[in-house]
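Understanding the architecture of this molecule
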Amino acid sequence: MLRQFIISRVGRRLQLPMITQSRLASDLDKTEYTTPGEIVDYDDPPHLPVPEYPVRPDEPLETRKQRLLYQSRKRGMLENDLLLSTFVAKHLKDFNAEQTAEYDQLINGVSNDWDIFYWATDTKPTPPQFDTEIMRLLKEHVKNHEKVQRIRQPDL
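A brief structural summary. (Residues numbered from 1 in each chain as written. Predicted model: local features only at pLDDT ≥ 70, side-chain atom pairs only at ≥ 80, totals over all residues. Heavy atoms only, no water.)

Moving on: the overall build of the protein. A tally of regular secondary structure across the protein gives six helices and zero strands. Ordered by position in the sequence, the α and β elements of the protein form the string α-α-α-α-α-α. When contacts within the protein are restricted to residue pairs at least 6 apart in sequence, those whose partners lie at least 24 apart make up 62%. Split by element, the accessible area of the protein, about 11,800 Å² in all, is 57% carbon and sulfur. (Helix = DSSP H or I, 4+ residues; strand = E, 2+ residues; numbered from the N terminus. Contact = heavy atoms within 4.5 Å. Areas by Shrake-Rupley, 256 points an atom, 1.4 Å probe, with all protein chains shown as cover.)

Here it is, written out as structure tokens:
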């Protein structure tokens, strides 16, 4: 009796993972994982104050570029971390002071990082104040004509 009990308990333990796996695999519905057709995005409520980003007119160009390099890598959402860090690695070294200021305004003047992502991927239209030469460069970078894999941030 004890022997039969032990065999049945061990047998159930071995069979349970296989039953669970096959049951879960058969229950999967591929339509659950498709991308939605439209982006649901709400405007920010007017009663929430958005702090103004401090302008740094006396900041040396090299210091500003170092700060922007760091800020491009640490956005808080992986999508922008990958897009902006690879963009900065490719273009920031060639930016002059005016282009660097435009990039600074782009990534720090917007209160919502999803806006940057949607504008760069042409999901939403870019507002005129952010539709600059830098944004056009970023949009070209996002199109990835060279088919570069961007699954991790570039080394520093």
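On we go from here.
Turning next to the packing of helix 3 (residues 78-91) against helix 5 (residues 113-120). Closest axis-to-axis distance for the helix 3/helix 5 pair is 10 Å, and the angle between their directions is 55 degrees. Here helix 3 is positioned oblique relative to helix 5, judged by the angle of their axes. Here helix 3 runs over helix 5; the crossing is left-handed. Here helix 3 contributes E79, N80 and L83 to the contact with helix 5, which in turn contributes D113, W114, I116 and F117. Of the residues that constitute the contact of helix 3 with helix 5, the class distribution is four nonpolar, one polar and two charged. (Axes fitted to C-alpha atoms, helices over the stretch in contact; angles between N-to-C directions. Parallel < 35°, antiparallel > 145°, perpendicular 65-115°, else oblique. Left-handed = near helix turned anticlockwise from the far one by under 90°. Nonpolar A, V, L, I, M, F, W, Y, C, P; charged D, E, K, R; others polar.)

Further remarks concern the packing of aromatic side chains. Aromatic rings considered in pairs are described by the distance between their centres and by the relative angle of their planes. Taken as a whole, this structure holds seven aromatic pairs when the rule is applied. Through a chain of ring-to-ring contacts, three or more aromatic side chains come together here, namely F87, F95 and Y103. (Phe/Tyr/Trp six-rings, centres within 6.5 Å; stacked < 30°, edge-to-face > 60°.)

Glancing now at the environment of Q153. Summarising the element assignment, Q153 is placed in the segment after helix 6 (133-143). Given a relative accessible area of 18%, Q153 falls into the buried group. Ignoring anything within four residues of it in the chain, the contact list for Q153 reads R73, D81, L82 and S85. A polar side-chain atom of Q153 sits 3.1 Å from the main-chain carbonyl oxygen of R73. (Buried < 20%, exposed > 50% of the residue type's maximum accessible area, 1.4 Å probe, protein only. Polar contact = N/O pair within 3.5 Å; in protein donor to acceptor, adjacent residues only side chain to side chain.)

Overall, the coordinates contain 11 salt bridges when judged by the stated rule. When the shortest N-O distance is used, the salt bridge between R67 and D104 registers 2.8 Å. Of the two residues, R67 is situated in helix 2 (residues 61-73) and D104 in helix 4 (residues 97-109); the sequence distance between them amounts to 37 residues. According to the relative accessible area criterion, R67 is buried, its value standing at 13%. For D104, a relative accessible area of 6% translates into the label buried. Note that R136 is salt-bridged to D131, the shortest N-O span being 3.8 Å. Looking at D131, the relative accessible area reads 36%, which means it is partly exposed. Three or more residues joined by partner-sharing salt bridges are found here, namely E59, R64, R67 and D104. (Salt bridge = Lys/Arg side-chain N within 4 Å of Asp/Glu carboxyl O.)

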